[in-house]
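Coordinates in review
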Amino acid sequence: MKYNSLRTLVKEELKKVINEDYQDKYKMVGTLITDIKERPQKEIYSDIRAIPGITVISSEEPLAYSDQNLNKFKAILSVKVDGYPFITKGGFSREKMMDIAQDIRRVPGVKAFFTKDDNISSL
């Protein structure tokens, strides 16, 4: 094998490995219960989006707005997480998603966030 072709092959393999390490993306789905009398849903979602690693959130209401209790407003929350901020600090794995779920629970106005390991998938 010629030196240039070997060099090219090594470069390509290194790029693949580096990209795999930095492409840790996960999706988590759970039930979010908020108190929208205490704080508007828009502000709560904004704070959730500000959590490190979270790139996109989307929500769907399982009940019509008029059927919801405003003190315990339910939504199905889908969260996409990019692991890049954590890779530089020692690594990112599926277990880190539970830490992110805990961060969601700490957002003011969030009463609860329920998710299971089955509801976490890699992208």
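As shown above, the structure is provided for reference.
In this convention, every chain numbers its residues from 1, walking through the sequence in written order. Per-residue local features of the predicted model are confined to residues with pLDDT of at least 70, and side-chain atom pairs are confined, for both listing and counting, to 80 or more; whole-chain, interface and lining totals are unaffected and use all residues. Heavy atoms from the whole structure form the basis of all side-chain values; hydrogens and water molecules are not counted.

1. So, the overall build of the chain
This is how the line gets drawn: Segments assigned H or I by DSSP are reported as helices when at least four residues long, segments assigned E as strands when at least two residues long, and all are numbered from the N terminus. Here the globule rule reads 2.2 Å times residues to the power 0.38, and the radius of gyration is calculated from C-alpha atoms.
Along its length, the chain carries four helices and five strands. In the chain, the order of α-helices and β-strands from amino to carboxyl end is α-β-α-β-β-α-α-β-β. For the chain, the C-alpha radius of gyration of 19 Å lies well beyond 14 Å, the compact-globule estimate for 123 residues. Each principal axis of the C-alpha atoms in the chain carries an extent, and together these give about 70 × 25 × 25 Å.

2. A short note on helix α2 (residues 41-49)
Short version of the rule: Buried residues are those whose accessible area, probed at 1.4 Å on protein chains only, stays under 20% of the maximum for their type, while exposed residues exceed 50% and partly exposed ones sit between those limits. Within this analysis, the arc is defined by the directions that extend from the helix axis to the C-beta atoms. In this analysis, two residues are considered to be in contact whenever any of their non-hydrogen atoms come within 4.5 Å of each other.
Of the residues making up α2, those classed as buried are Q41, I44, Y45 and I48. Looking down the long axis of α2, one finds its buried residues gathered within 95° of arc, a one-sided arrangement. Those residues of α2 that are buried are in contact with β1 (25-34), β2 (54-60), β3 (73-82), α4 (96-105) and β4 (110-114).

3. Regarding the pattern of salt bridges
Pairs may arise between side chains of opposite charge once their charged atoms sit close together. Rule in force here: Only one rule defines a salt bridge in this text: a Lys or Arg side-chain nitrogen within 4 Å of an Asp or Glu carboxyl oxygen.
Using the criterion set out here, one finds five salt bridges in the structure. For K111, the salt bridge is made with D35, and the minimal N-O distance between the two is 3.8 Å. Within this pair, whereas K111 is found in strand β4, its partner D35 is found in the loop between β1 and α2, the two being separated by 76 residues in sequence. Among the charged side chains, a network of salt bridges with common partners joins R39, E43 and D47.

4. What about the packing of aromatic side chains?
One pair of aromatic rings is described through two measures. These are the centre distance and the angle between the planes. Short version of the rule: Geometry of aromatic contacts follows a simple scheme: Phe, Tyr and Trp rings, the Trp one being its six-membered ring, pair when their centres are within 6.5 Å, and the pair is stacked under 30 degrees between planes, edge-to-face over 60, tilted otherwise.
Tallied over the entire structure, the rule returns one aromatic pair. Measuring from centroid to centroid gives 5.7 Å for Y65 and F73, while their planes differ by 55°, and the two rings are tilted.

5. Things to note about a nonpolar patch on the surface
The line we're drawing: Here a patch means residues that are over 30% exposed by relative accessible area and free of salt bridges, tied together within 9 Å if like-charged and within 5 Å if nonpolar (Val, Leu, Ile, Met, Phe, Trp, Tyr). Residue-level accessible areas treat just the shown protein chains as cover; the underlying method is Shrake-Rupley with a 1.4 Å probe.
On the surface, L6, L9 and V10 cluster together into a nonpolar patch covering about 230 Å² of accessible area. Judged by its relative accessible area of 37%, L9 is partly exposed.

6. Observations concerning the pairing of β1
Inclusion rule: What makes two strands pair is DSSP finding at least two bridges between them.
In terms of strand pairing, β1 meets β3 through 10 bridges, oriented antiparallel. The residue of β3 that forms the bridge with T31 is I76. With three bridges connecting them, β1 and strand β5 (residues 120-122) associate as antiparallel partners. Paired with Y26 across the bridge in β5 is S122.

The quantities given are spatial measurements derived from coordinates; they are silent on function.
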